[in-house]
Amino acid sequence: RGHRLRDHCDHRSLSGDAIMNLSLAGDAVMTYRPAKSVRGGGGAVRVSLPRRSLQVQTGTVRYDYTHGIRLEDLPQDGRRVSITFRQNVAGYGYY
C-alpha cells in the first residue's frame, strides 16, 4: 500500500523560503505538527491533498511545523504521484 512520509521539516540550508508540492495522482492527507521549538503551537492540523492540487509551504508553516503523511492517509490503491519544487539556495546543488 505504499510508504508513508515521516514527519519532517525540510532543511533550511538546502531549500529556500517556499516549497511547493504538486499532487498529480492519488488523494492524500498531510498532517502538520508544531516543531519542538514552537511553544503553545496547538495540536496537529490535517490538510487534504486532492490529486491535481498545489500545496505551498511558506512562513510559519515552512519553518515552525513538521509535515508528513501517515500510511492510513495514503490512497487505498497505494498510488500517489507528486512533484516537489524547491528554490536552489546559493552554494548548494547544480547551477
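These notes cover the structure that comes with them. (Residues numbered from 1 in each chain as written. Predicted model: local features only at pLDDT ≥ 70, side-chain atom pairs only at ≥ 80, totals over all residues. Heavy atoms only, no water.)

1. Things to note about the overall build of the protein chain
Looking only at helices and strands, the protein chain has one helix and seven strands in total. The order of α-helices and β-strands along the protein chain, N terminus first, is β-β-β-β-β-α-β-β. Relative to its full complement of 95 residues, the protein chain shows a buried share of 29%. Taking the intrachain contacts of the protein chain between residues at least 6 apart in sequence as the baseline, contacts between residues at least 24 apart amount to 82%. (Helix = DSSP H or I, 4+ residues; strand = E, 2+ residues; numbered from the N terminus. Buried < 20%, exposed > 50% of the residue type's maximum accessible area, 1.4 Å probe, protein only. Contact = heavy atoms within 4.5 Å.)

2. Regarding the sheet that holds strand 7 (residues 81-88)
One open sheet accounts for three strands, arranged 5-2-7; its pairing is antiparallel. Strands at the two margins of the open sheet, each flanked by one partner only, are strand 5 (53-57) and strand 7. Each strand axis lies, on average, 15 degrees off the axis of its neighbour in the sheet, ignoring direction. Summarising the sheet, strand 2 (residues 15-25) and strand 7 pair through seven bridges and their orientation is antiparallel. Directly across from I19, in strand 7, lies its bridge partner R86. (Pairing = 2+ DSSP bridges. Axes fitted to C-alpha atoms, helices over the stretch in contact; angles between N-to-C directions.)

3. Observations concerning the side chain of S23
Its location among the elements puts S23 in strand 2. Residues contacting S23, with those up to four places away along its chain left out, are L49, P50, R51, R52, S53, R80, V81 and S82.

4. Some details on the side chain of Q57
Position of Q57 relative to the elements: it lies in strand 5. Polar contacts involving the side chain of Q57 include one to the side chain of Y32, which spans 3.2 Å. The residues touching Q57, leaving out its near neighbours within four places in the chain, are D10, D17, A18, I19, M30, Y32, R62 and H67. (Polar contact = N/O pair within 3.5 Å; in protein donor to acceptor, adjacent residues only side chain to side chain.)

5. A short note on the pattern of salt bridges
On inspection of all chains with the given rule, the structure shows five salt bridges. The residue D7 makes a salt bridge to R33 at a minimum N-O spacing of 2.9 Å. Taken together, the positions of D7 in strand 1 (residues 5-8) and R33 in strand 3 (residues 28-34) put the pair 26 residues apart, joining distant regions of the chain. On the accessibility criterion, R33 (27% relative accessible area) is partly exposed. Taken together, the shared-partner salt bridges connect R46, R70, E72 and D73 into one network. (Salt bridge = Lys/Arg side-chain N within 4 Å of Asp/Glu carboxyl O.)

6. Quick look at the nonpolar core
In this structure, A28, M30, Y32, L49, Y65, I69 and L74 together form the largest nonpolar core, which totals seven residues. Counting residues per element, the ones that place at least two in this core are strand 3 and strand 6 (65-69). Top element by residues in this core is strand 3. It accounts for three residues. (Core = buried A, V, L, I, M, F, W, Y, C linked by side-chain atoms within 4.5 Å.)

7. Observations concerning the sheet that holds strand 4 (residues 45-49)
Pairing is antiparallel across the open sheet formed by four strands, whose spatial order is 1-6-3-4. One side of each edge strand has no neighbouring strand; the edge strands of this open sheet are strand 1 and strand 4. The mean angle between the axes of side-by-side strands here comes to 20 degrees, regardless of whether they run parallel or antiparallel.

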